[in-house]
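# Geometric and topological summary
Here are the chains, one letter per residue:
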Amino acid sequence: MTTVHTQGIFSHEVSVCNCPGSNPSDWYLDLLRQRLFPASISKPKTAFTFDVLDHFLIDAFECKTSAMSFYQELKRFTDNAFPERVPVFDRYRELMRVSWLWRDLKHRKWFGFGHDTEQDPGDGGLALFCPACPQPGLNLPADWKVQYDRQYVVDGNFTAQHMKMNKPELDVALSDGKGYMVSEVPYQSHLQQSLDSKERSTCSNHRAINAANINKSNLQSTGIGAIACAHHGCFVPHSVVDFQKGER
């Protein structure tokens, strides 16, 4: 079995437990008990330690390290002189898949859904709203409608573009609509029913609106829009959308 750890990539001989009462088909559970995350459920041949997955999660968040760069780093730890001679198969694809699952499991655990398989997080259930803003039932009295009110701001970014995937059917959402992004199917249905009105700018030196309305067929989204609280700038859960064309 190939084991990926923070100190490198290694190959080990692993035997399946054949003790009386054990189920060989569930031996991936034995790997999890040893803090090893299998790359597959049926006869896994690759496992990632919990430490390396946590390390990649923080490294990608703080240092913006890509999965390819992180995997090349692990190969350097294994053999700094000749990383291309690391005597194991390439596990970059497995790292992408397992880190994706790991991130989703961590989010569900942090928000209290890790040990409850019956309760669904719901829309925006895996995102935090501004703790200082008025929230009924949390930090407001019974007559809060007379004393308090929420104020929001809406803004967009037309440079956050996303190209179309060659195989979009392989992009399976694990928590669609559970965080800050809206649910994909209702949002696409809303776009099909909405009218596309083009806004033209009369200012010759300000081309933001005109450039946003340019049709870019190679892009899945031309930008991103979000809603945040006006006082503290915190994003509102289940309110961030992808622009399909300009501000549409």
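Residues numbered from 1 in each chain as written. Predicted model: local features only at pLDDT ≥ 70, side-chain atom pairs only at ≥ 80, totals over all residues. Heavy atoms only, no water.

With mixed pairing, four strands are arranged side by side in an open sheet as β2-β1-β4-β3. The sheet is open, and its two borders are formed by β2 (8-11) and β3 (36-38), each paired with just one other strand. Each strand of the sheet is rotated relative to its neighbour by a mean of 25°, with strand direction disregarded. As defined by bridge partners, β3 adjoins strand β4 (residues 46-49) across three bridges and the pair is classed as antiparallel. When the sheet's bridge partners are listed, F37 is paired in β4 with F48. Contacts from helix α3 (residues 67-78) reach β1 (2-5) and β2 within the one sheet, and its direction differs from that of β2 by about 65°. Against the sheet, helix α4 (residues 92-110) contacts β3 and β4, and its axis sits at roughly 115° relative to β3. (Pairing = 2+ DSSP bridges. Helix = DSSP H or I, 4+ residues; strand = E, 2+ residues; numbered from the N terminus. Axes fitted to C-alpha atoms, helices over the stretch in contact; angles between N-to-C directions. Contact = heavy atoms within 4.5 Å.)

Turning our attention to unusual backbone geometry. The phi angle at K64 is positive, at roughly 55°, despite the residue not being glycine. Along the chain, K64 turns up in the loop between α2 (50-62) and α3. Of note in this structure, H238 is not a glycine but carries a positive phi near 60°.

What follows covers the packing of α2 against α4. Direction vectors running N to C along α2 and α4 enclose 85°, while the axes themselves pass 10 Å from each other. With respect to α4, the axis of α2 lies roughly perpendicular. Side by side, α2 and α4 meet where F50, L53, D54, F56 and L57 of the first sit next to L95, V98, S99, W102, R103, K106 and W110 of the second. Among the residues making up the contact of α2 with α4, the classes are represented as eight nonpolar, one polar and three charged. (Parallel < 35°, antiparallel > 145°, perpendicular 65-115°, else oblique. Nonpolar A, V, L, I, M, F, W, Y, C, P; charged D, E, K, R; others polar.)

The next subject is the packing of aromatic side chains. Note on aromatic pairs: each is described by the distance of the centres and the angle between the planes. Summed over all chains, the structure comprises four aromatic pairs. On the basis of an interplanar angle of 90° and a centroid distance of 5.9 Å, the ring pair of F37 and W102 is categorised as edge-to-face. A residue pair is termed long-range when its members are at least 10 positions apart, and F37 in strand β3 and W102 in helix α4 qualify at 65 residues. W102 carries the same exposure label as F37, and that label is buried. (Phe/Tyr/Trp six-rings, centres within 6.5 Å; stacked < 30°, edge-to-face > 60°. Buried < 20%, exposed > 50% of the residue type's maximum accessible area, 1.4 Å probe, protein only.)

Of all hydrophobic cores here, the largest spans 16 residues; its most connected members are F48, V52, L53 and L95. For this core, the secondary-structure elements that each account for two or more residues are α2, α3 and α4. Among residues more than four places away in sequence, those in contact with L53 are F37, F48, V98, S99 and W102. (Core = buried A, V, L, I, M, F, W, Y, C linked by side-chain atoms within 4.5 Å.)

To continue, consider the pattern of salt bridges. Overall, the coordinates contain five salt bridges when judged by the stated rule. Across the pair R35 and D51 runs a salt bridge, and its minimum N-O distance is 3.7 Å. Residue R35 is found in the loop between α1 (27-33) and β3, and its partner D51 is found in helix α2; the two are separated by 16 residues along the sequence. When its relative accessible area of 40% is taken as the criterion, D51 is described as partly exposed. Among the salt bridges present, the one from K106 reaches D54, with a minimum N-O distance of 3.5 Å. Placement of the pair is K106 in helix α4 and D54 in helix α2, with a sequence separation of 52 residues. The class for K106 is buried, based on a relative accessible area of 16%. Judged by its relative accessible area of 25%, D54 is partly exposed. (Salt bridge = Lys/Arg side-chain N within 4 Å of Asp/Glu carboxyl O.)

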